[in-house]
Amino acid sequence: MSHGDEGDADRVRAHVLVSGRVQGVFFRATTRDEAREAGVDGWVRNLADGRVEAVFEGARSAVESMVEFCGEGPPAARVEDVAVEYGGPEGETGFAVRR
């Protein structure tokens with residue numbers, strides 16, 4: 001727990017792996033836009049095996065909304081599975097698309 005900063009006390013981290021038709025459908029760009037709008041920090045990237053990997057850090061409700069978004073994805077995506085692990089924040093700042 002941090003001292004005197006209530007905003008940090010409720011921060012969580014979610015590590016997400018999304019499978020299905022999730023590459024080449026603007027998944028990363030849409031995730032970035034959604035995360036910035038939600039005030040969530042972290043990153044998103046394509047994996048060589050066709051999945052998308054993302055990390056979200058922020059208030060629990062905002063992070064959970066991003067995990068829910070990953071279950072839907074952008075209109076052209078067909079999400080088959082979302083695997084998520086929650087943990088303590090590691091200090092992500094801003095949201096980036098990684099390559």
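Calculation notes
- Residues numbered from 1 in each chain as written.
- Predicted model: local features only at pLDDT ≥ 70, side-chain atom pairs only at ≥ 80, totals over all residues.
- Heavy atoms only, no water.
- Helix = DSSP H or I, 4+ residues; strand = E, 2+ residues; numbered from the N terminus.
- Buried < 20%, exposed > 50% of the residue type's maximum accessible area, 1.4 Å probe, protein only.
- Polar contact = N/O pair within 3.5 Å; in protein donor to acceptor, adjacent residues only side chain to side chain.
- Contact = heavy atoms within 4.5 Å.
- Pairing = 2+ DSSP bridges.
- Axes fitted to C-alpha atoms, helices over the stretch in contact; angles between N-to-C directions.
- Salt bridge = Lys/Arg side-chain N within 4 Å of Asp/Glu carboxyl O.
- Expected span 1.5 Å × (residues − 1).

A.B. asks: It is not clear to me how the side chain of R11 should be interpreted in this structure. Could you clarify?
C.D. replies: Structurally, R11 can be placed in strand 1 (residues 11–21). With relative accessibility at 19%, the residue R11 sits in the buried group. There is a polar contact of 3.1 Å between the side chain of R11 and the side chain of D41. If sequence neighbours within four positions are ignored, R11 has contacts with D41, E57, G58, A59, P89 and E92.

A.B. asks: How do you make sense of the sheet that holds strand 2 (residues 41–46) when you look at a structure like this?
C.D. replies: Strand-to-strand pairing in sheets goes through backbone hydrogen bonds, with the strands running parallel or antiparallel. If you trace the 5 strands from one edge of the open sheet to the other, you get 4-1-3-2-5, paired in mixed fashion. In this open sheet, the two strands that pair with only one neighbour each are strand 4 (78–87) and strand 5 (95–98). Taking each pair of neighbouring strands and ignoring which way they run, the sheet shows an average axis angle of 15 degrees. Along the sheet face, helix 2 (residues 27–38) touches strand 1, strand 2, strand 3 (52–59), strand 4 and strand 5 and points at about 170 degrees away from the line of strand 5. Most of the contacts of helix 3 (residues 60–72) go to strand 3, to which it runs at about 155 degrees, and overall it touches strand 1, strand 3 and strand 4.

A.B. asks: So what exactly am I meant to see when it comes to the pattern of salt bridges here?
C.D. replies: Pairs can form between side chains of opposite charge once their charged atoms are near each other. Scanning the entire structure with this criterion turns up 9 salt bridges. Across the pair D41 and R11 runs a salt bridge, and its minimum N-O distance is 3.1 Å. In this pair, D41 sits in strand 2 while R11 sits in strand 1, placing the two residues 30 residues apart along the sequence. Of the two residues, D41 and R11, both sit in the buried class. For R13, the salt bridge goes to E92, with nearest N and O atoms at 3.3 Å.

A.B. asks: Any chance you could explain helix 2 here in plain terms?
C.D. replies: Given 3.6 residues per turn, any residue in an α-helix points the same way as the ones three and four places further on. Under the 1.5 Å per step criterion, the end-to-end length of helix 2 is 16 Å for 12 residues, consistent within 8% with the ideal 16 Å. Where helix 2 is buried, its residues touch strand 1, strand 2, strand 3, helix 3, strand 4 and strand 5. The first or second residue beyond helix 2 is G39, which carries a positive phi of 75 degrees.

A.B. asks: So what exactly am I meant to see when it comes to the environment of Q23 here?
C.D. replies: Checked against the element boundaries, Q23 lands in the loop between strand 1 and helix 2. Accessibility expressed as a relative area gives 29% for Q23, which makes it partly exposed. It is 14 Å that separates the C-alpha atoms of Q23 and D81, two residues lying 58 residues apart in sequence. Once residues lying within four places of it in the same chain are set aside, the contact partners of Q23 are N46, L47, G50, R51 and V52. Of the polar contacts made by the side chain of Q23, one reaches the backbone oxygen of G50; its length is 3.4 Å.

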